[in-house]
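Listed below are the residues making up each chain.
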Amino acid sequence: MNTDVFASRHIGITEKDFQRMYEIVGVENMEQLIYETIPDDIRLKEPLQLPQGISEHEFLTHVQQLSEKNKVFKTYIGLGYHECLTPSVIKRNILENPGWYTAYTPYQAEIAQGRLEALLNFQTMVSDLTGMELANASLLDESTAAAEAMAMLFDVRSRQQKKAGTVKFFVSEEILPQTLSLLQTRSVPIGVELVVGNHEEFDFSADFYGALLQYPGKHGQVHDYADFVQKAKANDIKVAVAADILSLVLLTPPGEWGVDVVVGTTQRFGIPLGYGGPHAAFFATKEEYKRSIPGRIIGVTKDTDGNPALRMALQTREQHIKRDKATSNICTAQVLLAVMAGMYAVYHGPNGLKYIAHKVHDHTKLLAQSLKAFGFEQLNTSFFDTIKVQVKNAEKLREVTESKDINLNYIDSETVSISLNEAISESDIKLLLSCFTESHGIKNNVSQSSEVEEVILHGLKRQVPFLEHEVFNSYHSETELMRYIKKLERKDLALNHSMISLGSCTMKLNAASEMLPLSWANWGNIHPFVPLDQAEGYQIMLKELESQLNVITGFAATSLQPNSGAQGEYAGLMTIRAYHESRGEGHRNICIIPASAHGTNPASAVMAGMKVVVTKTDEKGNIDVSDLEEKVKLHAENLAALMVTYPSTHGVYESSIKHITKLIHENGGQVYMDGANMNAQVGLTNPATIGADVCHLNLHKTFAIPHGGGGPGVGPICVAEQLKPFLPSNPVVETGGEKAITAISAAPWGSALVCLISYGYIKMLGAEGLTDSTKAAILNANYIKDKLKGKFDVLYSGEQGRAAHEMIIDCRPFKAHGIEVTDIAKRLMDYGFHAPTVSFPVAGTIMVEPTESESLAELDRFCDALDSIREEIDEASAENPNNVLKNAPHTLEMVTNDTWEYPYSRQKAAFPLPYVSENKFWPTIRRTDEAFGDRNLICTCTPIEAYAEV
């Protein structure tokens, strides 16, 4: 074995496994399998034009050298991003811990109670600090959260406002520039008219349905918005506030003014800057909007035995239910980052947060007072951590500060702002002062007052206590927090325990060598708005990653800005929209989507201002070509796009794909390919070859960024030459195409830090390793399919009976035994496995995707588990629901209870196969009561009595 070859570590099956697998699958070799699986007319004729893979050691040396090209300055730019201190206990035990970063979205609550509790802590923290009743479990960044607020308030307009066509949304000129850009992107397609202005001059006209304020303002001014909010409420204008979360420790929470939504980012709660992300945004609102809040909410309920339990509540996957009626396409949270931010609050507690906030604020006051003593005018009348200073020559000041490795925010030639953070010290203050005196020729011997003036007005000082729950007042030593984190981790099944075979989700190895650089300061501590020459290492890495993705997709250009798959969908459709408008064909607004598509597809299309037309699928799970032809002909004049997933959501390479894409082009449309199943394409075919014009890629699927319990995700778009000019821009750092659309995400390159993972993945695998990974994924899927033959029916397969990299197993016939697909999902937990994707895209089925990273031994264990469950199904009857499947999962409390009233043994319940006892995972709760939780919605940490049924 060549230990330098990364592919041999990434791909789970080995040379000695192939022959046995070929016999089960019924092929002579890999080439025969690929020939029978992928239509020949879309196969690539040449290998990927990428370099040979490098070893893990070579990659780590290379990425270390790249990091040294980044210049880590003391950065006081602010604008929503601040240096912070990540507690080492959180960095080591969460960020660097596969028990946390390899977990999947907690759709199976019984094996996800740990991260659900961590997210409940996050929601409680946000609700407490904002003064709002309800918070979700995070969004992507502050700017997209603000855009979601604008859209939600638009959706909940009064009946009278909707009838009157009230569409204006006021935005304070104090808003962050990247947020304004994103609001511009999102407002136009849905028919919202933005009006930007001074909030003190706003006339509260009936033409407005909502308003957005920044607190504190972008350059630090703290405004008292109480009067504004009162007047807005009196005129039926709903108000959202974008707030700095650390400032809310000292400032009056917006909830006390009666606002409707508070958004922001928790980045400064222990999350590295990472050149812009990933960071966990927050969205807090009133309980009356609980059915409209975007994203995920973690709620409290009970399990079968009446014990308290947590699960994702209400509209968690609302876009999959409502589809084109959904008001948001958000499918990804930022769970890993939200968990870290919540733990930051748990570790520091209310008193620790007060200490940090006072430290930041007191140093800011000291700096302001000192600058005043030197003759500089500080322009903010009230501030928390940011001052706005008038200078004679900002350019000269910049020369001096940058020579001392310091970044400020240069507003214009005579004005700068300085935002301080928790890493500040008095020596930093002295160095900052020396920059001002040196650049302006002032002798540094002016006497300074030791007394610092109060700058937060009494009416703006926080009076209400926060974080009073026990969890925020118990774990302040490293030992205690380490044990608390471990306690939660033990409740969660992640990839470090067993295979997670989720169809459409591609849960593959997240190699340690790819992950290690995320902890390095030279990558973590770079502000997204620093001058480009300070981020040279990032720029080299990001440009090469874009180039790698261009080669893999066959396209001309890539934007890494979208920071989730849903954002990528939206970005791709917005480039198509801009392309049509540039050709004088802005009337093209019909988006054709197959019935089997991901639910985010129709939601994204509506958000992009398109009308959705659904096409049928045939009995083999393919697009019904005759139905498609009919609808294309009907809508030819207004056809904008086709959204297609390839291989299809049914796990099949549709042989008619080139005919389909040609049909769209002949009728003036563009083809958007959803990249969810790209793991079945890399090195064998590509989106350009099948005839697509744009695709998004889930870097958290195909390209090894870990799911992190439900996020981070990265969803870059790759585009053909004609769409290249429209790639998204950023208002602070120039990026995007010549005719760029406005921002899709807050940061210029989205979640740049985790792009290092995909960069390393491609760099280490190289052209051959990438292609072999795709082949192995296809082989593994077909191995499972054929190993289960005769016991489980696969719903769809290709023309020669092959699956792509995933398959749909039909569980509907088992209803005759009284067994539902959910019962199988829960029973798999007793066997130590996370369930595959349940009831998507077909109700009553499971969709299995083993990926290339699993060993043959693990594939066999999974098949053995399903075989054993099949025998249990045969033993079950609809007349007697007291069986091992209906009662699954079985907890330790059940199995060790003195009373056992089940017609099967404890061993069968908990240790159904010999391998289970060697590595037993215990679900910590029984099945959750979803209806009870939704009827009694509790989304913050509360005493048990608040929700326990009497």
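Residues numbered from 1 in each chain as written. Predicted model: local features only at pLDDT ≥ 70, side-chain atom pairs only at ≥ 80, totals over all residues. Heavy atoms only, no water.

J.: Please clarify how helix H2 (residues 15-25) should be interpreted in this entry.
T.: The periodicity of an α-helix, 3.6 residues per turn, causes residues three or four places apart in sequence to face the same way. Of all the residues in H2, the buried ones are Asp17, Phe18, Met21, Tyr22 and Val25. With its buried residues spanning 135 degrees around the axis, H2 presents them on a single face. Facing away from the buried side of H2 by over 90 degrees, the exposed positions are Lys16 and Glu23. For H2, the secondary structure elements touched by its buried residues are helix H3 (30-37), helix H25 (752-787) and helix H27 (856-875). (Buried < 20%, exposed > 50% of the residue type's maximum accessible area, 1.4 Å probe, protein only. Helix = DSSP H or I, 4+ residues; strand = E, 2+ residues; numbered from the N terminus. Arc of directions from axis to C-beta. Contact = heavy atoms within 4.5 Å.)

J.: Sorry, what's going on with the packing of aromatic side chains here?
T.: For any two aromatic rings, the description comes down to two numbers: the centre-to-centre distance and the angle of the planes. With the rule as written, the count across this model stands at 31 aromatic pairs. Ring geometry for Phe59 versus Tyr759: centroids 6.4 Å apart, planes at 55 degrees, classification tilted. Separated by 700 residues along the polypeptide, Phe59 in helix H4 (residues 56-67) and Tyr759 in helix H25 bring together distant segments of the chain. The pair formed by Phe59 and Tyr759 is uniform in burial state, with each residue classed as buried. Arranged with centres 5.6 Å apart and planes meeting at 85 degrees, the rings of Tyr81 and Phe529 form a pair that is edge-to-face. Within this pair, whereas Tyr81 is found in the loop between strand E1 (74-75) and helix H5 (88-95), its partner Phe529 is found in the loop between helix H18 (521-524) and helix H19 (536-553), the two being separated by 448 residues in sequence. Residue Tyr81 shares its accessibility class with Phe529, and that shared class is buried. Lying over the aromatic face of Phe911, Lys920 brings its terminal NZ or CZ to 5.6 Å of the ring centre. Between Lys920 and the ring centre of Trp922, over which it is positioned, the NZ or CZ distance is 4.8 Å. (Phe/Tyr/Trp six-rings, centres within 6.5 Å; stacked < 30°, edge-to-face > 60°. Lys NZ or Arg CZ within 6 Å of the ring centre and 35° of its normal.)

J.: Whenever I open this one, H4 confuses me. Can you help?
T.: The end-to-end C-alpha separation of H4 is 16 Å, in line with the 16 Å expected for 12 residues at 1.5 Å each. Of the residues making up H4, those classed as buried are Phe59, Val63, Leu66 and Ser67. Along the axis of H4, the buried positions cluster into a sector of 95 degrees, meaning they face one direction only. Along its buried surface, H4 packs onto helix H17 (512-515), H18, H19 and H25. (Expected span 1.5 Å × (residues − 1).)

J.: Is there a simple way to explain the packing of helix H14 (residues 394-403) against helix H15 (residues 426-439) in this structure?
T.: When two helices pack together, their arrangement is captured by the angle between the axes and the distance separating the axes. Direction vectors running N to C along H14 and H15 enclose 135 degrees, while the axes themselves pass 9 Å from each other. Considering their axes alone, H14 and H15 lie oblique with respect to each other. In this structure, H14 crosses over H15, and the sense of that crossing is right-handed. Residues Lys396, Leu397, Val400 and Thr401 of H14 form the contact with H15, whose own contacting residues are Cys435, Phe436, Glu438 and Ser439. Residue composition of the contact of H14 with H15, grouped by class: 4 nonpolar, 2 polar and 2 charged. (Axes fitted to C-alpha atoms, helices over the stretch in contact; angles between N-to-C directions. Parallel < 35°, antiparallel > 145°, perpendicular 65-115°, else oblique. Left-handed = near helix turned anticlockwise from the far one by under 90°. Nonpolar A, V, L, I, M, F, W, Y, C, P; charged D, E, K, R; others polar.)

J.: How should I be thinking about the sheet that holds strand E24 (residues 807-810) in this particular structure?
T.: Hydrogen bonding along the main chain pairs the strands of a sheet, whether they run parallel or antiparallel. Here we have 4 strands laid out as an open sheet, ordered E23-E24-E26-E25, and antiparallel in their pairing. Where the open sheet ends on each side, the last strands, each with one partner, are strand E23 (793-794) and strand E25 (837-838). Of the strand pairs in this sheet, E25 and strand E26 (residues 845-848) are connected by 2 bridges, and their pairing is antiparallel. Opposite Val838, over in E26, you have Ile846 as the bridge partner. (Pairing = 2+ DSSP bridges.)

J.: Help me understand the nonpolar core, please; the structure alone is not making it clear to me.
T.: The tendency in soluble globular proteins is for nonpolar side chains to be buried side by side. Ranked by internal contacts, the top residues of the largest apolar core, which has 212 residues, are Met125, Tyr215, Met343, Leu481 and Tyr538. For this core, the element with the highest residue contribution is H25, accounting for 19 residues. Judged by nonpolar contacts, the second largest core, of 30 residues, contains Ala145, Ala146, Val156 and Leu183. (Core = buried A, V, L, I, M, F, W, Y, C linked by side-chain atoms within 4.5 Å.)

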